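# Descriptive analysis of the structure
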Amino acid sequence: MKTMKTIMLASFLGLSTLAVAQERNEDKIKKELNLSVEQTEKLKQIHEQFKPEFREIMMDKSLTRDDKSKKLQALRAKEREASKAILSPEQIARFEELKKRKE
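Fair warning: this is a prediction, and the values are worked out from it, not measured in the lab.

### What to know about the environment of Thr40
Along the chain, Thr40 turns up in helix α2 (residues 37–59). On the basis of relative accessible area, Thr40 is assigned to the buried category, the value being 11%. With residues near it in sequence (within four places) discarded, Thr40 still touches Lys30 and Leu35.

### Concerning unusual backbone geometry
Among all residues except glycine, the phi angle is most often negative; among peptide bonds, the trans geometry is most common. Of note in this structure, Asn34 is not a glycine but carries a positive phi near 55°. Structurally, Asn34 is set in the loop between α1 (2–33) and α2.

### Re the packing of α2 against helix α3 (residues 65–84)
At a closest axis distance of 10 Å, the pairing of α2 and α3 adopts a crossing angle of 170°. Relative to α3, the element α2 lies roughly antiparallel. Within the contact between the two elements, α2 uses Leu43, Ile46, His47, Phe50, Glu53, Phe54, Ile57 and Met58 and α3 uses Lys68, Lys71, Leu72, Leu75, Arg76, Lys78, Glu79, Ala82 and Ser83. For the contact of α2 with α3, the residue count by class is nine nonpolar, two polar and six charged.

### Observations concerning the environment of Arg94
Considering the arrangement of structural elements, one finds Arg94 in helix α4 (residues 89–102). The class for Arg94 is partly exposed, based on a relative accessible area of 23%. As for Arg94 and Glu32, which are separated by 62 residues in sequence, their C-alpha atoms are 7.8 Å apart. Here Arg94 is in contact with Glu32, Leu33 and Arg101, once residues within four sequence places are set aside.

### Considering the pattern of salt bridges
Tallied over the entire structure, the rule returns nine salt bridges. Of the charged contacts, one joins Glu32 and Arg94 as a salt bridge, the two residues approaching to 2.2 Å between their closest N and O atoms. In this pair, Glu32 sits in helix α1 while Arg94 sits in helix α4, placing the two residues 62 residues apart along the sequence. Judged by relative accessible area, Glu32 falls into the partly exposed class, the value being 31%.

Cut-offs and rules
- Residues numbered from 1 in each chain as written.
- Predicted model: local features only at pLDDT ≥ 70, side-chain atom pairs only at ≥ 80, totals over all residues.
- Heavy atoms only, no water.
- Helix = DSSP H or I, 4+ residues; strand = E, 2+ residues; numbered from the N terminus.
- Buried < 20%, exposed > 50% of the residue type's maximum accessible area, 1.4 Å probe, protein only.
- Contact = heavy atoms within 4.5 Å.
- Axes fitted to C-alpha atoms, helices over the stretch in contact; angles between N-to-C directions.
- Parallel < 35°, antiparallel > 145°, perpendicular 65-115°, else oblique.
- Nonpolar A, V, L, I, M, F, W, Y, C, P; charged D, E, K, R; others polar.
- Salt bridge = Lys/Arg side-chain N within 4 Å of Asp/Glu carboxyl O.

Below is the structure:
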């Protein structure tokens, strides 16, 4: 019982940390790209639209780690393209620059 509580607490803390890190990353991107409120909302909607697909891939036990990685990479690219439709040409250029720095 104690082990289960410890595992659940560790999982919660891990997810909380991930959520905070993701929020900070989103805030940084919002600032760097100078997104409008409307753009920010549309990007959140796109992210929410893709979230179930990401979750499905992650939970699919029939996929190997490599298969999951490839599918997630393809889905990220698809989400990125959908997001670019909302950005101005200048914002897209800046986004690409930020992405290159991250790599």
